[in-house]
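Each chain, written out:
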Amino acid sequence: MAEESGAVVRYARLSDAGAISAITAEYAREGVMLERSAESVIENIRNFFVAEHQGKIIGCCAIAFYTSKLAEIRSVAVLAQHKRKGIGRLLVEKAEEILREEGVKEVFVLTLSPDFFGSIGFSEIKKEYFPQKIWRDCTHCPKLMACDEIAMVKNL
Ligand SMILES: CC(C)(COP(=O)(O)OP(=O)(O)OC[C@H]1O[C@@H](n2cnc3c(N)ncnc32)[C@H](O)[C@@H]1OP(=O)(O)O)[C@@H](O)C(=O)NCCC(=O)NCCS
């Protein structure tokens, strides 16, 4: 699997669930992403990837499938001390590789980090472009009526 800055990106294992949940919880406290509980990570374990560095989980990312041609990349996070070393890019590239293998044509993100996703080929679009996303997740989000996330899309 991909290696850069000494990190390896691979499919998550059940034993990574606690570490993944902890990374998302840290950023959820800052209000920049939704927390993923260890239970929800375990339930979706085949859709999660991690970046591992010297035996430690330093980043994560997940795929959510919507149709046979449309998917979302979500829960992308890299521990603060490992940012800006290309780990986020590696995680998203791994997810994109799997999506291409599955025949997915279009991938989207809802994010407060448009500069990161812009630099790896995503373009901003109107949120209404993806009604499925609104129905599935957003109804449970505390920010529903004041959503500040930016929708971005990339053709694979
Ligand atoms: C967004 C995040 C995942 C990026 O991870 P990362 O490993 O630091 O990103 P990379 O090093 O792969 O960055 C790739 C490119 O994205 C751009 N980029 C990354 N972070 C950026 C930032 N804070 N501001 C501007 N551009 C940024 C840069 O062009 C960068 O390339 P460069 O370092 O050569 O200039 C990380 O900052 C993070 O975990 N943020 C908190 C959680 C979050 O907001 N996740 C997104 C929710 S979906």
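The text that follows walks through the structure, step by step, so that each part is easy to find. All figures in this text were calculated on a predicted structure; none of them were measured in a lab.

## Focus: the nonpolar core
Among soluble globular proteins, nonpolar side chains are generally buried collectively.
Then step 1. In this structure, Ile 73, Leu 91 and Phe 122 are the most contacted members of the largest nonpolar core, which totals 39 residues.
Then step 2. Only strand S2 (7-11), helix H1 (17-29), strand S3 (48-53), strand S4 (56-65), strand S5 (70-78), helix H3 (87-101) and strand S6 (106-111) provide two or more residues apiece to this core.
Then step 3. The leading source of residues in this core is H3, at 7 residues.
Then step 4. Setting aside residues no more than four positions away along its own chain, Ile 73 makes contact with Cys 61, Ala 62, Val 92, Ala 95, Glu 96, Leu 99, Val 107, Phe 108, Val 109 and Phe 122.

## Looking at the pairing of S4
Then step 1. Among the 10 residues in S4, 8 count as buried, and that is most of the element.
Then step 2. Looking at chain direction, S3 and S4 are connected through 6 bridges and run antiparallel. Opposite Val 50, over in S4, you have Cys 60 as the bridge partner.
Then step 3. Linking two consecutive strands that pair antiparallel, namely S3 and S4, is a turn of 2 residues; a positive phi of about 50° is found at Gln 54 within it.
Then step 4. As paired elements, S4 and S5 share 6 bridges and run antiparallel to each other. Paired with Ile 63 across the strands is Ile 73, a residue of S5.

## Notes on the site of the ligand
Then step 1. Around the ligand sit 17 residues, and of these Val 76, Val 78, Arg 84, Gly 86 and Gly 88 come closest.
Then step 2. In the environment of the ligand, an oxygen atom lies 2.8 Å from a nitrogen or oxygen atom belonging to the backbone of Arg 84.
Then step 3. Side-chain polar atom of Ser 119 to an oxygen atom of the ligand: 2.8 Å apart, as the coordinates give it.
Then step 4. Isolated, the ligand exposes 910 Å² of accessible area, and the fraction of that covered by the protein chains is 75%.
Then step 5. Of all the secondary structure elements, the ones that give two or more residues to the shell around the ligand are S5, H3 and helix H4 (114-119).
Then step 6. Here the shell around the ligand is built from residues that sort into 7 nonpolar, 5 polar and 5 charged.

## Considerations on the pairing of strand S8 (residues 150-155)
Then step 1. Two strands pair when backbone bridges link them, and S6 and S8 are joined in this way by 6 bridges, in the antiparallel orientation. Bridge pairing links Val 109 to Met 152 in S8.
Then step 2. As defined by bridge partners, strand S7 (residues 123-125) adjoins S8 across 3 bridges and the pair is classed as antiparallel. Along S8, the bridge assignment pairs Ser 123 with Val 153.

Rules used throughout
Residues numbered from 1 in each chain as written. Predicted model: local features only at pLDDT ≥ 70, side-chain atom pairs only at ≥ 80, totals over all residues. Heavy atoms only, no water. Core = buried A, V, L, I, M, F, W, Y, C linked by side-chain atoms within 4.5 Å. Buried < 20%, exposed > 50% of the residue type's maximum accessible area, 1.4 Å probe, protein only. Helix = DSSP H or I, 4+ residues; strand = E, 2+ residues; numbered from the N terminus. Contact = heavy atoms within 4.5 Å. Pairing = 2+ DSSP bridges. Near = heavy atom within 4 Å. Polar contact = N/O pair within 3.5 Å; in protein donor to acceptor, adjacent residues only side chain to side chain. Areas by Shrake-Rupley, 256 points an atom, 1.4 Å probe, with all protein chains shown as cover. Nonpolar A, V, L, I, M, F, W, Y, C, P; charged D, E, K, R; others polar.

Limitation: the analysis is restricted to geometry and does not speak to function.
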